[in-house]
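Survey of secondary and tertiary structure
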Amino acid sequence: SLCCACNRAAACLLMLALLLFKRHTHCCLINSTKTVYKDLNPTFDEFFEIGNLPAGTSVLVEVWDKDLVTEDDMIGRASWAFAPRELLPCSSAGGLAGDASWGRLAVPLQLQHPRHKKSMGTVELEVCYRPSLRAGKPAMMGPVRFKQTLSPTAGLFTGHFWGREDTMCFSTYKLYLMHIDSTFKDVSMPWNRKYDKAVQIFKSPVALGLVRTQHRTLYATNVGMSRCGVLGASRDFYELFKNGVRAGQRRYFTYCLLRDSLRCSETGAAFFNDMLSKHAMHAGGEEEVLYAGEFCIVPDTTAAAGYRLVIDNNSGTYAPAADKLPLMRQLFTANFPDMVVEVLANDDPRLKQYQQACPSRAPA
């Protein structure tokens, strides 16, 4: 758990960075919590699991004031050197998973302002530890977090009306999946120079600027218009997307995979649904992505969660190679082991059948 006491009322966001130094080089693993609003003593109630963390790693904690109009500013920061020998054994820590190799320690830290060095309150971490099962590089192991940004204004154009549970407003999603780098390694997909619409975007500074502005607008976090959480299993993933159904109809989603997250939204053949779900928009105008395409969720009585994920490489903007499509299945099953994933190349005739089963996706 992560608890904090600040010297001023704020919308607090806690960021955790792990700095690993070796032979004059270092790498950094960073993750952040949800934002807690109007609370001088926020409890973030979140956890991070990191594998193969060496002793001596510097754990850097920063608490930020989340602003709506101006840039976020740091309230304070603190650091702690990870030392497994300091952690209490299971028996004296109250028992943890019945395993004597575990240890646990409460770590209270004083927050200091980065410039004035003034005390800005305290933050308390609870650290749990057990020896790694196998050797390997330090890596974030979970959990999978998501951020959903809801846009009532965009919903007026797409028909996603605000306040109705069966439709809700237009949403974009960021899924902070684990194992992206280890799965895709050096794989990347540049924008498609043979696709006229992509050329019109990436060869025009004005058009590219508009796409990036659209991305910032649709993914912007505002009070009461975003939510975040943790996805523990495939059932959580399907529930986030309401089992792929809105207003009584099965829906399709476009996605782009980047190094930090998978980004997606509902798509459709209608003009505004199509315009607000372009792959270039999800990618923030990046010239390369790891992968891109579309997905839908279909009932499957043989699957543990009652559904399966159907994912493809249908993106004219980035034209991802079909032979890399199995990496998407590998990525999803690494994050959700109970998930059934079906991958289909964009020229597979079965894909047309899935698209026709979604009236909003099939052209009129």
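The structure under discussion appears in the preceding block.
Now for a quick tour of the structure.

The rules behind these values
Residues numbered from 1 in each chain as written. Predicted model: local features only at pLDDT ≥ 70, side-chain atom pairs only at ≥ 80, totals over all residues. Heavy atoms only, no water. Helix = DSSP H or I, 4+ residues; strand = E, 2+ residues; numbered from the N terminus. Polar contact = N/O pair within 3.5 Å; in protein donor to acceptor, adjacent residues only side chain to side chain. Salt bridge = Lys/Arg side-chain N within 4 Å of Asp/Glu carboxyl O. Buried < 20%, exposed > 50% of the residue type's maximum accessible area, 1.4 Å probe, protein only. Phe/Tyr/Trp six-rings, centres within 6.5 Å; stacked < 30°, edge-to-face > 60°. Core = buried A, V, L, I, M, F, W, Y, C linked by side-chain atoms within 4.5 Å. Contact = heavy atoms within 4.5 Å.

Right, let's talk about the side chain of serine 265 for a bit. Secondary-structure assignment places serine 265 in strand E18 (residues 262–267). Among the polar contacts made by the side chain of serine 265, one reaches the side chain of histidine 282 at a distance of 3.0 Å.

So, about the pattern of salt bridges. Enumeration according to the criterion identifies 8 salt bridges in this entry. For the salt bridge of arginine 77 with glutamate 62, the shortest nitrogen-to-oxygen distance reads 3.0 Å. Here glutamate 62 lies in strand E5 (residues 58–65) and arginine 77 lies in strand E6 (residues 73–81), a separation of 15 residues in the sequence. Put simply, aspartate 260 and arginine 263 hold a salt bridge, and the shortest N to O gap is 3.2 Å.

A word on unusual backbone geometry. One non-glycine residue with positive phi stands out, namely lysine 242, at about 50°. Along the chain, lysine 242 falls in the loop between helix H5 (234–240) and strand E15 (245–246). In this structure lysine 242 comes out as partly exposed when scored by relative accessible area, which is 30%. With a phi angle near 55°, asparagine 243 is a residue other than glycine that sits in the positive phi range.

All right, on to the packing of aromatic side chains then. Inspection of the entire model under this criterion finds 16 aromatic pairs. Aromatic side chains phenylalanine 237 and phenylalanine 295 sit 6.3 Å apart centroid to centroid with 45° between the ring planes, which places their arrangement in the tilted category. With a gap of 58 residues between them, phenylalanine 237 in helix H5 and phenylalanine 295 in strand E20 (residues 291–299) connect regions that are remote in the sequence. The same class applies to phenylalanine 237 and to phenylalanine 295, which are both buried. On the basis of an interplanar angle of 10° and a centroid distance of 5.1 Å, the ring pair of phenylalanine 253 and phenylalanine 295 is categorised as stacked. On the criterion of sequence distance, the pair formed by phenylalanine 253 in strand E17 (residues 252–257) and phenylalanine 295 in strand E20 is long-range, its members being 42 residues apart.

Our next topic: the environment of glycine 268. Of note, glycine 268 is situated in the loop between E18 and helix H6 (271–275). On the basis of relative accessibility, which here comes to 8%, the residue glycine 268 falls in the buried class. Between the C-alpha atoms of glycine 268 and serine 360, which are 92 residues apart in sequence, the distance is 5.1 Å.

With that settled, consider the nonpolar core. Grouped together as the largest cluster of nonpolar side chains are 48 residues, with contacts concentrated most on Leu175, Phe237, Phe241, Met328 and Phe332. Leave out the neighbours within four places in its chain, and phenylalanine 241 touches Tyr173, Leu175, Phe253, Cys264, Phe295 and Ile297. Counting residues in hydrophobic clusters, the runner-up holds 16 residues, among them Val59, Ala78, Leu109 and Met120.

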